[in-house]
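# Observations on the three-dimensional arrangement
Here is how the chains run, residue by residue.
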Amino acid sequence: QKEVEQDPGPLSVPEGAIVSLNCTYSNSAFQYFMWYRQYSRKGPELLMYTYSSGNKEDGRFTAQVDKSSKYISLFIRDSQPSDSATYLCAMSPLRGGYQKVTFGIGTKLQVIP
Amino acid sequence: EAGVAQSPRYKIIEKRQSVAFWCNPISGHATLYWYQQILGQGPKLLIQFQNNGVVDDSQLPKDRFSAERLKGVDSTLKIQPAKLEDSAVYLCASSLDRGRTNYGYTFGSGTRLTVV
């Protein structure tokens, strides 16, 4: 079983739709959760990060963590064609010193105008 | 702030040849990472440097891959000899804080390697 599971998609939605992207994980040591966006032929860029359980909102993006279920989500409201990209979840344990980040395989999102 | 610079952007080589990639991190970032991203997969950490020193190279295939970071700034990743399964995008990333990965990395655009 992989430490981080993520549906690769592709996920196609019409412009303006609410998008829900999800990851599950098996390592209960994970405490920091991140979402990266990766455009074609570009490196990933950090969208949001959260610590432990709860919600965090930034503009049209909301990150949600449910540690009891080992489940994290990223919601995109009023989706735009420019949101078309691959979204990678990533997580790391809370540990002193150097923290290893584990990435999901990414979900490819296409927003249709 | 200038981003993480990587070169070359693309490289095509035959199997058993050698290849080298270069990375220049964001100025002042002490931690530098090399990731391998195979098509359809998430990035996999190959090696992590803190200044000049190696922090984690547990997933680096040391029989063919090597990396160095001279003077705690630029870094090179080398593959010798290359295999077909090394075809991937090689991403360099850097971060400001020592091991504070909770704040995320800044990635470069990567080097796309094709081994034929």
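Data block above holds the structure.
Scope of this entry: the structure provided in the associated data block. Just so it is clear, the structure is predicted and the values come from calculations on it, not from any experiment.

In terms of helices and strands, chain B carries 0 helices and 11 strands. The secondary structure elements of chain B, listed N-terminal to C-terminal, are β-β-β-β-β-β-β-β-β-β-β. On C-alpha atoms alone, chain B measures out to a radius of gyration of 13 Å, which is about the 13 Å that the 2.2 N^0.38 rule sets for 116 residues. With the C-alpha coordinates aligned to their principal axes, the bounding extent of chain B is approximately 40 × 25 × 25 Å. Scored against the burial criterion, the 116 residues of chain B give a buried share of 47%. Long-range pairs, those at least 24 residues apart, make up 54% of the contacts in chain B with a sequence separation of at least 6. On chain B, roughly 5,600 Å² of surface is accessible, and the fraction owed to carbon and sulfur atoms is 49%. Counting 14 positive and 10 negative side-chain charges, chain B places the centres of these two groups 3 Å from one another.

Our next topic: the sheet that holds strand β1 (residues 4-6) of chain A. Residues and elements named next belong to chain A. With respect to topology, 5 strands assemble into an open sheet ordered β1-β3-β8-β7-β6, the strand pairing being antiparallel. Each having just a single partner strand, β1 and β6 (54-58) make up the two edges of the open sheet. On average, each strand axis in the sheet is tilted by 15 degrees relative to the strand beside it, whichever way the strands run. The pairing of β6 with strand β7 (residues 61-66) spans 5 bridges and is classified as antiparallel. Paired with Glu57 across the strands is Thr62, a residue of β7.

Moving on, we come to the nonpolar core. Among the nonpolar cores identified, the biggest contains 24 residues, and A:Trp35, A:Ile72, A:Leu74, A:Tyr87 and A:Met91 are the most heavily contacted of them. Elements with a contribution of two residues or more to this core: β3 (19-25), β4 (30-38), β5 (45-51), β7, β8 (71-76), β9 (85-93) and β11 (107-112) of chain A. The residues touching A:Ile72, leaving out its near neighbours within four places in the chain, are A:Leu21, A:Asn22, A:Cys23, A:Tyr25, A:Phe33, A:Trp35, A:Gln64, A:Val65, A:Cys89 and A:Met91. If you look at the next biggest cluster of nonpolar residues, it comprises 21 residues, including B:Val4, B:Ile13, B:Leu32 and B:Ala88.

Quick look at the sheet that holds strand β8 (residues 75-79) of chain B now. Residue and element names in this part refer to chain B. Read from one edge of the open sheet, 4 strands run β1-β3-β8-β7, paired in antiparallel fashion. The open sheet has two edge strands with one neighbour each: β1 (5-7) and β7 (65-68). Geometrically, the sheet is characterised by an average inter-axis angle of 15 degrees between neighbouring strands, direction not taken into account. Bridge analysis of strand β3 (residues 19-24) against β8 gives 5 bridges, and the strand direction is antiparallel. Within the sheet, the bridge partner assigned to Trp22 lies in β8 and is Thr76.

Analysis parameters
- The numbers attached to residues start from 1 for each chain and follow its sequence in the written order.
- Chain A is the first chain written and ligand 1 is the first ligand written, with later ones labelled in order.
- Owing to the predicted nature of the model, reporting of local features is limited to residues with pLDDT of at least 70; listing and counting of side-chain atom pairs is limited to 80 or more, with chain, interface and lining totals taken over all residues.
- Derived side-chain values reflect all non-hydrogen atoms in the structure, with water molecules and hydrogen atoms excluded from consideration.
- Each helix corresponds to a stretch of at least 4 residues labelled H or I by DSSP, and each strand to a stretch of at least 2 residues labelled E; elements are numbered beginning at the N terminus.
- When we talk radius of gyration, it's over C-alpha atoms, and the globule rule is simply 2.2 Å times the number of residues to the 0.38.
- Classification of residues uses two cut-offs on accessible area relative to the type maximum, computed with a 1.4 Å probe and protein chains only: under 20% is buried, over 50% is exposed, and between them is partly exposed.
- Between two residues, a contact is recorded if the distance between any of their heavy atoms is within 4.5 Å.
- Exposure was quantified through the Shrake-Rupley algorithm and a 1.4 Å probe, taking into account, for residues, occlusion by the shown protein chains and nothing else.
- For this count, His and the chain ends are skipped, Lys and Arg are scored as positive, and Asp and Glu as negative.
- Taken as the charge centre is NZ of Lys, CZ of Arg, CG of Asp or CD of Glu, depending on the residue.
- Note on pairing: two strands pair once DSSP finds at least 2 bridges between them.
- To get an axis, a line is fitted to the C-alpha atoms, and for a helix only the part in contact is used. The angle between two axes follows their N-to-C directions and goes from 0 to 180 degrees.
- To define a nonpolar core, start from buried Ala, Val, Leu, Ile, Met, Phe, Trp, Tyr and Cys residues and group those joined through side-chain atoms within 4.5 Å.

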